[in-house]
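Structure assessment
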Amino acid sequence: MRNAVNDGVWSGSWVAERLGVELVGDDGLRSLLGLALRRNPKRAHLLVSNVLGKHVPQSPTVVYEYGHRLGRRVHELLGEAEAAGAVVLGYAETATGLGHAVADGLGAAPYLHSTRRPVPGVARAGGFEESHSHATSHLLLPEDPGLLTGDGPLVLVDDEFSTGNTVLNTIRELHGRCPRKRYVVVALVDMRSPEDADRMDRFAAGIGARVDLIAAASGTVRLPEGVLDKGQRLVAEHDRRHAPPEPSYGRVTRVELHWPPGLPDGGRHGFTPAHRARLEAALPAMAARTGDALPAGARRVLVLGFEELMYAPLRLARELERVTDAEVRFSTTTRSPVLALDDPGYAIRTRLVFPAHDDPADGPGDRYAYNVAGGGFDAVVAVVDSVADTPALHAPDGLLARLAAHTPHVLLAVVPSYVPHAPERPAMLPEPLRGPAFSSYAPEEVGWLLQDLSDVTLEAPTEEREEAIQSGGAHYAESLPVEYQPSEQYQQLFHAALDVSAARIAQAVGVVTEAVIAERSPRPVLVSLARAGTPVGILMRRWARFRHGLDLPHYAVSIVRGRGIDANALRWLAAHHDPRDVVFVDGWTGKGAITRELAQAVEEFEAKEGITGFDPEIAVLADPGSCVRTYGTREDFLIPSACLNSTVSGLISRTVLRADLVGPDDFHGAKFYRELAGADVSVAFLDAVSARFPEVADSVGTAVKELMAEDRAPTWAGWRAVERISEEYGIHDVNLVKPGVGETTRVLLRRVPWKILARAGAGADLDHVRLLAAQRGVPVEEVGELPYTCVGLIHPKYTRGATGADGRAVNV
């Protein structure tokens, strides 16, 4: 095998014939793309680009020029004035180099790419998910956050545009923080269906922005029924993933590039036109050093980049192509697991497998270099950053040894990993807010690590908020819903539910508190996630005093989906307590989004601050989503505190995070609704549950013993159910599916509900849900197979005034 693309044979024919996959579109589409089979349970096929420089070694000039020409087209579309204010954002890992080349073609445009590598000292400025990928979480880590807060056009670059979900998720996230008037989406190939194209048009209209798309070619992939199962069977039949490593025979030597000091290695933290100019000036000398290190007579040379590190090795390869007589090719290693098959009609002919060598955040795993073995290369120049120059790289089964088994000469070039400058921040943070000045709770019950925004008008009508949130015009944490004022009938339901469930809640409080004291810390510092976790944290504190005579510290902090936990609150906690004693507390789990959010946020905080010891696992009263190990119960039952908003949470609002109100060194904010004191049942709820502690004390002891003997490993069954429901009901956005009694109640109180799914036979636990649904004109649909008692669905195609299933406004 010398080339992955063979004259007269399309490198997608093997997959097309066996799976019935059709690639239709522009005349040049097949020259750009081949097909392979993924080792991925979410998608069977992989579109393999022949010009991206990832899976298929290609001339670096061809790779660079494709991106550069797309950048010139963007410049022509925008015009000189708008192009001057544009920012380019590329996607990890495949499009990082492509995005750089687009930025070069656009002109004086700064560039940033997403990354899957958290970096110590750099705060996350955003992130999003890529649902079909083998590794989904993208982080945005600009050294200068201003890259993402300007008002000029944002140019988003990916290698292929299949459904548009990833791009829409990105725009929704960034537009919610800093709206722009114009976005341009750039891809080598546009493979969207007509339905996906219509969805993007509707999305653009919804946010009031222009969204253009530029691609080198377009078409569609037609997939037959059952393609995923059939693809997995083919992979199982042909996969030889456990082949032993070949013995090495080539030499491995280092080549010193003399990379310019302080020059970023790529766009992970931003790459400016000034950086580009410095690189251009240094490239000839770096290419000359590399060329001098090549063996005499080398006719065919591969420059091999490393995962997200694509641009630096691509530019080096292109310059090397200019100064040497050898045939130079470029590709990179990858995290993506793909079946290799030595057939002229298949795009991935060979595969080298080696362990990850950059200590990745998601743990050890295999990495791959495709179409390198059998490529006839006389030398391979492996380019990695210094973070990846580890013993694993040089190990007997590492990348260098695997390369040396297939080429007589391996050169290693190491680019210094860029470390952004971390700005200084004030050392002092304010003391926690306490009642009665802030909240109706007694001062010893909880300290709020928040700032008081009571004097700021933050409330907006539910319909107005929903439209802004779904359109991407605002983040849910930037405003507050108008506080729901319960009717007399609804208040009666709350008190009836409390009478019925107080003992069950007391039991769960006792179990989770005993588990925390036994397994986490004998004197834990309880830190509730405001605000739903706050009543639970107070009850756990009361149980510890009742059962053990402990007077535990208890605080409430803010966590915001998509933006993480309040890092300043963590700093305060670390300054006043041992982080190893901190136990995060919440009311219940739904699909586990906050569980994941907290784990990622704590990891980033510890990497940036150098403060370790925080355990991100949440202790919850109820874990119906099977997301945590520390819980009072996994039943999805009515927790009366979920029935109300501030009037059962110390009269405190949901937390607020808005740039004009919360600075980088401030706690997140919240409001104290003193004017609602007449309807406040916060302390009454706590007292009703605490009064049942003596009667459940014995049963708690038995339940804790049983719990300790169980397999409590999270199964994430709730998350899978939410994904299934999202697809079955045509929503295609898991954020609009809210599982469990508590989350369903929140949908009815704060959002624009579409419909409620109720488990068949659910009884009194759903009385308040049925009442709220009737008041808002929302249908309740009984479902036989449901892991939760109920699920609330937010209106998936919301426009102003749409509340019920009929899309008409309903007066509450």
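Residues numbered from 1 in each chain as written. Predicted model: local features only at pLDDT ≥ 70, side-chain atom pairs only at ≥ 80, totals over all residues. Heavy atoms only, no water.

A separate point is the overall build of the chain. Helices and strands together make up the secondary structure of the chain, namely 21 helices and 32 strands. Taking all 812 residues of the chain together, the buried fraction comes to 61%. (Helix = DSSP H or I, 4+ residues; strand = E, 2+ residues; numbered from the N terminus. Buried < 20%, exposed > 50% of the residue type's maximum accessible area, 1.4 Å probe, protein only.)

Looking now at helix α14 (residues 533-548). In this model, α14 (16 residues) spans 22 Å end to end at C-alpha, consistent with the 22 Å of a helix rising 1.5 Å per residue. Of all 16 residues making up α14, twelve are buried, and the element is well covered by its neighbours. Gly533, Thr534, Pro535, Val536, Gly537, Ile538, Leu539, Met540, Arg541, Arg542, Trp543 and Ala544 are the residues of α14 that are buried. Positive phi appears at Gly549, one or two residues downstream of α14, with a value of about 70°. (Expected span 1.5 Å × (residues − 1).)

The subject of this paragraph is the pairing of strand β22 (residues 525-530). The side chains of a regular strand alternate, residue by residue, between the two faces of the sheet. Burial analysis of β22 places six of its six residues in the buried class, the great majority of the element. Of the two faces of β22, the one holding Val525, Val527 and Leu529 and the one holding Leu526, Ser528 and Ala530 are both buried throughout. Two elements, β22 and strand β25 (residues 582-588), share four bridges in a ladder whose sense is parallel. For Leu526, the partnering residue across the bridge sits in β25 and is Val583. Sheet topology note: the β22/strand β23 (residues 554-560) ladder contains five bridges and is parallel. Residue pairing for β23: Val527 is matched across the bridge by Tyr555. (Pairing = 2+ DSSP bridges.)

The next thing to look at is the nonpolar core. Core analysis: the largest hydrophobic core is formed by 104 residues, its most contacted members being Leu37, Val88, Leu106, Val155, Tyr346 and Leu403. In terms of nonpolar packing, the next biggest core, distinct from the first, is built from 81 residues, Leu449, Ile652, Val696 and Val700 among them. (Core = buried A, V, L, I, M, F, W, Y, C linked by side-chain atoms within 4.5 Å.)

With that settled, the discussion passes to the sheet that holds strand β32 (residues 790-794). Here four strands make up an open sheet; going across it, the order is β29-β32-β30-β31 and the pairing mixed. Two strands lie at the open edges of the sheet, namely β29 (737-739) and β31 (780-783), each paired on one side alone. Adjacent strand axes in the sheet meet at a mean angle of 20° when their direction is disregarded. When strand β30 (residues 753-759) meets β31, the two strands line up parallel, connected through four bridges. (Axes fitted to C-alpha atoms, helices over the stretch in contact; angles between N-to-C directions.)

The next subject is the packing of helix α3 (residues 60-84) against helix α4 (residues 96-106). As a packed pair, α3 and α4 sit with axes 6 Å apart at the nearest point and diverge in direction by 45°. In this view, α3 runs oblique relative to α4, as classed from their interaxial angle. Once α3 is placed against α4, the crossing between them reads as right-handed. Here α3 contributes Tyr64, Gly67, His68, Leu70, Gly71, Arg72, Val74, His75, Leu78 and Ala83 to the contact with α4, which in turn contributes Leu98, Ala101, Val102, Asp104, Gly105 and Leu106. Looking at the contact of α3 with α4 residue by residue, the class counts come to nine nonpolar, five polar and two charged. (Parallel < 35°, antiparallel > 145°, perpendicular 65-115°, else oblique. Left-handed = near helix turned anticlockwise from the far one by under 90°. Contact = heavy atoms within 4.5 Å. Nonpolar A, V, L, I, M, F, W, Y, C, P; charged D, E, K, R; others polar.)

With an omega of 0°, the peptide bond between Gly435 and Pro436 qualifies as cis. Considering the arrangement of structural elements, one finds Pro436 in the loop between β17 (409-415) and β18 (447-448). Omega for the bond connecting Ala530 with Arg531 falls within 30 degrees of zero, at 0°, which places this linkage in the cis form. With respect to the helices, strands and loops of the structure, Arg531 is situated in the loop between β22 and α14. Positive phi values are uncommon outside glycine, yet Glu307 reaches one of about 50°. Among the secondary structure elements, Glu307 is positioned in the loop between β12 (300-306) and α9 (311-323). The exposure class of Glu307 is buried, given its relative accessible area of 6%. Phi at Asn371 takes a positive value of approximately 60°, unusual for a residue other than glycine.

Before going further, it helps to spend a moment on the pattern of salt bridges. Under the definition given, this model contains 35 salt bridges. Between Arg117 and Asp358 there is a salt bridge; the shortest N-O distance is 3.5 Å. Taken together, the residues span a long stretch of sequence, with Arg117 in the loop between β5 (111-113) and β6 (126-129) and Asp358 in the loop between β14 (351-355) and β15 (366-370) at a distance of 241 residues. Given the relative accessible area of 15%, Arg117 is considered buried. You can call Asp358 buried: its relative accessible area is 9%. Across the salt bridge formed by Arg254 and Asp389, the nearest N and O atoms sit 2.9 Å from each other. Within this pair, whereas Arg254 is found in strand β11 (residues 251-254), its partner Asp389 is found in the loop between β16 (379-385) and α10 (391-394), the two being separated by 135 residues in sequence. Within the structure, one salt-bridge network assembled from shared partners comprises Glu82, Arg182, Arg210 and Asp212. (Salt bridge = Lys/Arg side-chain N within 4 Å of Asp/Glu carboxyl O.)

Turning our attention to the packing of aromatic side chains. Summed over the entire model, instances satisfying the criterion amount to twelve aromatic pairs. Relative to Trp448, the ring of Tyr441 lies with its centre 6.4 Å away and its plane at 10°, an arrangement referred to as stacked. Relative to Phe614, the ring of Phe584 has its centre 6.3 Å away and its plane inclined at 40°; by these criteria the two rings are tilted. Of the two residues, Phe584 is situated in strand β25 and Phe614 in the loop between α16 (593-609) and β26 (619-622); the sequence distance between them amounts to 30 residues. The buried category is assigned to Phe584, whose relative accessible area is 0%. Residue Phe614 is classed as buried on the basis of its relative accessible area of 5%. (Phe/Tyr/Trp six-rings, centres within 6.5 Å; stacked < 30°, edge-to-face > 60°.)

A few words now on the sheet that holds β17. On the basis of which strands lie adjacent, the open sheet formed by five strands has the order β11-β17-β16-β12-β13 and parallel pairing. Each edge of the open sheet carries a strand with a single partner, namely β11 and β13 (327-333). Taken pair by pair, the neighbouring strands of this sheet meet at an average axis angle of 20°, ignoring direction. Relative to β13, β12 runs parallel, the two being bridged by seven bridges.

Take the environment of Val102 next. Relative to the helices and strands, Val102 is located in helix α4. Judged by its relative accessible area of 0%, Val102 is buried. Apart from the residues lying within four places of it in its own chain, the contact partners of Val102 are Gly67, Leu70, Gly71, Val88, Val155, Val157 and Val186.

Right, let's talk about the confidence of the model for the chain for a bit. The predicted coordinates ought not to be read in detail in places where the model reports low pLDDT. Taken residue by residue, the chain gives an average pLDDT of 85. The fraction at 70 or more is 88%. Counting contacts from residues 462-476, a segment whose pLDDT is below 50, to residues more than four positions away or on other chains yields 59 contacts. Taken as a whole, residues 799-812 scores under 50 in pLDDT and shows 36 contacts with residues more than four places along the chain or in a different chain. (pLDDT = per-residue confidence, 0-100.)

Let us look at the pairing of β25. When you tally the buried positions in β25, you get seven out of seven residues, the bulk of the element. Here β25 pairs with β26 via three bridges, running parallel. The residue of β26 that forms the bridge with Asp586 is Val620.

Here the focus is the environment of Leu657. Mapping Leu657 onto the fold places it in the loop between β27 (630-633) and β28 (669-670). Leu657 sits 99 residues away from Ser558 along the chain, and the two C-alpha atoms are 9.0 Å apart.

Let us look at α3. The terminal C-alpha atoms of α3, which comprises 25 residues, lie only 27 Å apart, well short of the 36 Å expected from a rise of 1.5 Å per residue. When we look at burial in α3, the residues that qualify are Pro60, Val63, Tyr64, Gly67, Leu70, Gly71, Val74, His75, Leu78 and Ala83.

Now for the packing of helix α5 (residues 165-177) against helix α6 (residues 194-207). Close contact between α5 and α6 brings their axes to 11 Å; oriented N to C, the two are set at 5°. Between α5 and α6, the angle is such that the two are roughly parallel. Counting all contacts with α5, which are made through Asn165, Val167, Leu168, Ile171, Arg172 and His175, the residues of α6 involved are Arg199, Met200, Phe203 and Ile207. Residue composition of the contact of α5 with α6, grouped by class: six nonpolar, two polar and two charged.

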